[in-house]
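Here is how the chains run, residue by residue.
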Amino acid sequence: MDLGSRLADIDARISDAARSAGRDATTITRIVVTKFHPVELVQDLADLGVTDVGENRQQELSSKRETYAGRPLRWHFIGQAQTNKARAVRRDADAVHSLDRARLADSLHTARREDDESDILDVLIQVNLTDDPGRGGVEPSGIVELAEHVAASCPSLRLRGVMAVAPLDEEPAPAFARLADYAGLVRGVVPDAEWISAGMTGDFAEAIAAGATHLRIGSAITGPRPVHG
Ligand SMILES: *Cc1c(COP(=O)(O)O)cnc(C)c1O
């Protein structure tokens, strides 16, 4: 199958999963994760009508975005962000899905264009659905505090919701059900923070059933990722 066929196939499966869940597929944003792939892939995807792309490393995000400056693409940053990369992440991402600590929120806020009040960055709190701190994301017990911090101290950040990656050692459905509860905690702080970023190649149907609004799908659309160093 070529790229266009794989994209069409995934979109059909997204529509099916939405229908089974009694949801309207047009309320679901399909982000194509292009990490590690050559920059030309983004052009091919854009030619197929893709509008939302995801990257997990700042340098790759920045160089790809620069290549397609002027293209109507939305760039989603989905990787662990070092605080010292916050300025570049803010400049080159339209949304940051991986906010996991107050210090990162502060750094992203500080990197705003101070002369431009319309410079607002969409952020999602990444939640760790496992007991392993190495998997990334804030512990569930820290969600409300982080949401309150963003709402109170970072006016140039717009808190949109939650993001998570399913655990490796658990079925995705119960994990995504917990994520939906955590999304409710965030809405308790910021009522219109309605995004739920969940679902990858192997589990997007379960994520849709659990209410995901943003899917981050890589290899099922792009093919296997090139080996990277
Ligand atoms: C790589 C990545 C994806 C996409 O993974 P696939 O299994 O290739 O669909 C989604 N989310 C995050 C955070 C990733 O790092």
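Note that the structure is a prediction, hence the values are computed from the model and not measured.

## Digging into the overall build of the chain
When helices and strands are tallied, the chain shows 9 helices and 8 strands. The globule rule puts the C-alpha radius of gyration for 229 residues at 17 Å, and the 17 Å found for the chain is close to it. Principal-axis analysis of the C-alpha atoms places the extent of the chain at approximately 50 × 40 × 35 Å. Counting across all 229 residues of the chain, residues that qualify as buried make up 50%. Of the contacts made within the chain by residues no fewer than 6 positions apart, 59% connect residues no fewer than 24 positions apart.

## Some words on the nonpolar core
In this structure, Leu108, Ile125, Val150 and Leu179 are the most contacted members of the largest nonpolar core, which totals 61 residues. Those residues in contact with Val150 that lie beyond four places of it in its chain are Leu99, Ala105, Val123, Leu157 and Leu159. Membership of the second largest hydrophobic core comes to 6 residues, among which are Ala95, Leu124, Met163 and Trp195.

## Side note on the site of the ligand
Surrounding the ligand, one finds Val33, Lys35, Ile78, Val165, Met200, Thr201, Arg216, Ile217, Gly218, Ser219 and Arg225. One nitrogen or oxygen atom from the side chain of Thr201 is found 2.6 Å from an oxygen atom belonging to the ligand. Gly218 places a polar main-chain atom, nitrogen or oxygen, 2.7 Å from an oxygen atom of the ligand. Burial of the ligand by the protein chains amounts to 88% of its free accessible area of 390 Å².

## Some points on the pairing of strand S1 (residues 29-33)
Counting buried residues in S1 gives 4 out of 5 residues, a clear majority hidden from the surface. Bridge count between S1 and strand S8 (residues 214-217): 4 bridges; the pairing is parallel. Its bridge partner being in S8, Val32 is matched across the sheet by Ile217. The pairing of S1 with strand S2 (residues 52-55) spans 2 bridges and is parallel. Considered in S2, the bridge of Val33 is made with Gly54. After leaving S1, the chain enters helix H2 (residues 40-47) and then returns to the sheet as S2, a path that is right-handed.

## Notes on the pattern of salt bridges
In the structure shown here, the tally under the stated rule is 18 salt bridges. In this structure, the salt-bridge partner of Glu55 is Lys64, at a minimum N-O distance of 2.8 Å. Neither Glu55 nor Lys64 differs from the other in exposure class; each is buried. Residues Arg160 and Asp122 are paired through a salt bridge, measuring 3.2 Å at the closest nitrogen-oxygen approach. With Arg160 in strand S6 (residues 157-163) and Asp122 in strand S5 (residues 121-126), the pair connects residues that are 38 residues apart, well separated along the chain. Through salt bridges with shared partners, one network takes in Glu55, Arg57, Glu60 and Lys64.

## Overview of the environment of Ala46
Along the polypeptide, Ala46 turns up in helix H2. Of the residues examined, Ala46 reaches a relative accessible area of 13% and is grouped as buried. Note: C-alpha distance between Ala46 and Tyr68 (22 residues apart in sequence) is 9.8 Å. Residues within four places of Ala46 in sequence aside, it is in contact with Arg71 and Leu73.

## Section: a negative patch on the surface
Among the surface-exposed residues, Asp131, Asp132, Glu139 and Asp169 lie close enough to one another that they form a single negatively charged patch. Tracing the sequence through the fold places Glu139 in the loop between S5 and helix H6 (143-153).

## Points about H6
Residues of H6 that are buried include every one of Ile143, Leu146, Ala147 and Val150, and no others. Looking straight down H6, one finds that the buried residues subtend no more than 100° of arc, so they occupy a single side. Of the exposed residues in H6, the ones pointing more than 90 degrees away from its buried face are Glu145 and Ala152. In this fold, the buried residues of H6 make contact with strand S4 (95-99), helix H5 (102-110), S5, S6 and helix H7 (172-189).

Parameters at a glance
Residues numbered from 1 in each chain as written. Predicted model: local features only at pLDDT ≥ 70, side-chain atom pairs only at ≥ 80, totals over all residues. Heavy atoms only, no water. Helix = DSSP H or I, 4+ residues; strand = E, 2+ residues; numbered from the N terminus. Rg over C-alpha atoms; globule rule 2.2 N^0.38 Å. Buried < 20%, exposed > 50% of the residue type's maximum accessible area, 1.4 Å probe, protein only. Contact = heavy atoms within 4.5 Å. Core = buried A, V, L, I, M, F, W, Y, C linked by side-chain atoms within 4.5 Å. Near = heavy atom within 4 Å. Polar contact = N/O pair within 3.5 Å; in protein donor to acceptor, adjacent residues only side chain to side chain. Areas by Shrake-Rupley, 256 points an atom, 1.4 Å probe, with all protein chains shown as cover. Pairing = 2+ DSSP bridges. Right-handed = clockwise from strand over helix to strand, strands pointing away. Salt bridge = Lys/Arg side-chain N within 4 Å of Asp/Glu carboxyl O. Patch = residues over 30% accessible without salt bridge, like charges linked within 9 Å, V, L, I, M, F, W, Y side chains within 5 Å. Lys, Arg positive; Asp, Glu negative; His and termini not counted. Charge placed at Lys NZ, Arg CZ, Asp CG, Glu CD. Arc of directions from axis to C-beta.

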